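Each chain is listed here by its residues.
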Amino acid sequence: MEFPDLGKHCSEKTCKQLDFLPLKCNACEEVFCKNHIAYNRHKCAFAYTKDVQVPICPLCNSPIPVRKGESPDAVVGVHMDRDCKRDSVLQKPKIFVNRCFQPGCKKKEMMQLVCDQCHQNFCLQHRHPLDHVCQGQGRPMSKAG
């Protein structure tokens, strides 16, 4: 062998492969091959110091703070049982809010349909002055024109 000091062996006990481009784990400072560099692949004991993740509540989409050593699943479960604001997220904003002023009509529209003469809001069916018995200043036009 011409280069006996070239490369290093993988620190994983089951591997020990000689790697000419070894990778050093930034948590435990040991050398691994490309197959075992991931924290979970070499069961890194110090992964919690580097692999910081913030879990998100699936109901209210808010980040949940987790202290070191706590299980993220347990913390999210406690949040869902106690502090979750899922009720405010589940209520959708109302779209149809413009109520018709025609007596007896209970329809609501997304947009305001204001009469030019009486300046009140009506649904699509009662939007014309002849359809809602307009009390405006001008006289209602005929249906034909």
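For the structure, check the block above.
No experiment lies behind these values; they were computed from the predicted model shown.

1. Things to note about the overall build of the protein
Next, step 1: Scanning the protein from terminus to terminus reveals three helices and six strands.
Next, step 2: Counting from the amino terminus, helix and strand elements in the protein follow one another as β-β-β-β-α-α-α-β-β.
Next, step 3: Burial status across the protein gives 24% buried among its 145 residues.

2. Quick word on the pattern of salt bridges
Next, step 1: Overall, the coordinates contain two salt bridges when judged by the stated rule.
Next, step 2: Across the salt bridge formed by K24 and E29, the nearest N and O atoms sit 3.3 Å from each other.
Next, step 3: Given the relative accessible area of 56%, K24 is considered exposed.
Next, step 4: Of the residues examined, E29 reaches a relative accessible area of 48% and is grouped as partly exposed.
Next, step 5: Ionic pairing is found between E70 and R67, a salt bridge with its closest N-O pair at 3.5 Å.
Next, step 6: Look at R67 and you get exposed, because its relative accessible area is 65%.

3. Things to note about the packing of aromatic side chains
Next, step 1: Throughout the structure, instances matching the rule amount to zero aromatic pairs.
Next, step 2: We note R99 situated over the ring of F101; from NZ or CZ to the ring centre the distance is 5.5 Å.

4. Concerning unusual backbone geometry
Next, step 1: Even without being glycine, K43 reaches a positive phi, approximately 50°.
Next, step 2: With respect to the secondary-structure elements, K43 resides in the loop between β4 (31-32) and α1 (47-50).

5. Notes on the environment of K108
Next, step 1: Within the element layout of this structure, K108 appears in strand β6 (residues 108-109).
Next, step 2: In this structure the C-alpha to C-alpha distance between K108 and N121, which are 13 residues apart in sequence, comes to 9.8 Å.

6. A word on a nonpolar patch on the surface
Next, step 1: Where nonpolar side chains cluster on the molecular surface, the patch consists of L6, L18, F20 and L21 and spans about 420 Å² of accessible area.
Next, step 2: Within the element layout of this structure, L18 appears in strand β2 (residues 18-19).

7. Structural notes on the side chain of H36
Next, step 1: Structurally, H36 is set in the loop between β4 and α1.
Next, step 2: Here H36 is in contact with C10, E12, C15, R41 and H42, once residues within four sequence places are set aside.

8. Describing the environment of Y39
Next, step 1: Looking at the secondary structure, you find Y39 in the loop between β4 and α1.
Next, step 2: By relative accessible area, Y39 is classed as partly exposed at 22%.
Next, step 3: On a C-alpha basis, the gap between Y39 and C25 in space is 8.0 Å, while along the polypeptide they are 14 residues apart.
Next, step 4: Within polar-contact distance, the side chain of Y39 engages the side chain of N26 at 2.6 Å.

Rules used throughout
- Residues numbered from 1 in each chain as written.
- Predicted model: local features only at pLDDT ≥ 70, side-chain atom pairs only at ≥ 80, totals over all residues.
- Heavy atoms only, no water.
- Helix = DSSP H or I, 4+ residues; strand = E, 2+ residues; numbered from the N terminus.
- Buried < 20%, exposed > 50% of the residue type's maximum accessible area, 1.4 Å probe, protein only.
- Salt bridge = Lys/Arg side-chain N within 4 Å of Asp/Glu carboxyl O.
- Phe/Tyr/Trp six-rings, centres within 6.5 Å; stacked < 30°, edge-to-face > 60°.
- Lys NZ or Arg CZ within 6 Å of the ring centre and 35° of its normal.
- Patch = residues over 30% accessible without salt bridge, like charges linked within 9 Å, V, L, I, M, F, W, Y side chains within 5 Å.
- Areas by Shrake-Rupley, 256 points an atom, 1.4 Å probe, with all protein chains shown as cover.
- Contact = heavy atoms within 4.5 Å.
- Polar contact = N/O pair within 3.5 Å; in protein donor to acceptor, adjacent residues only side chain to side chain.

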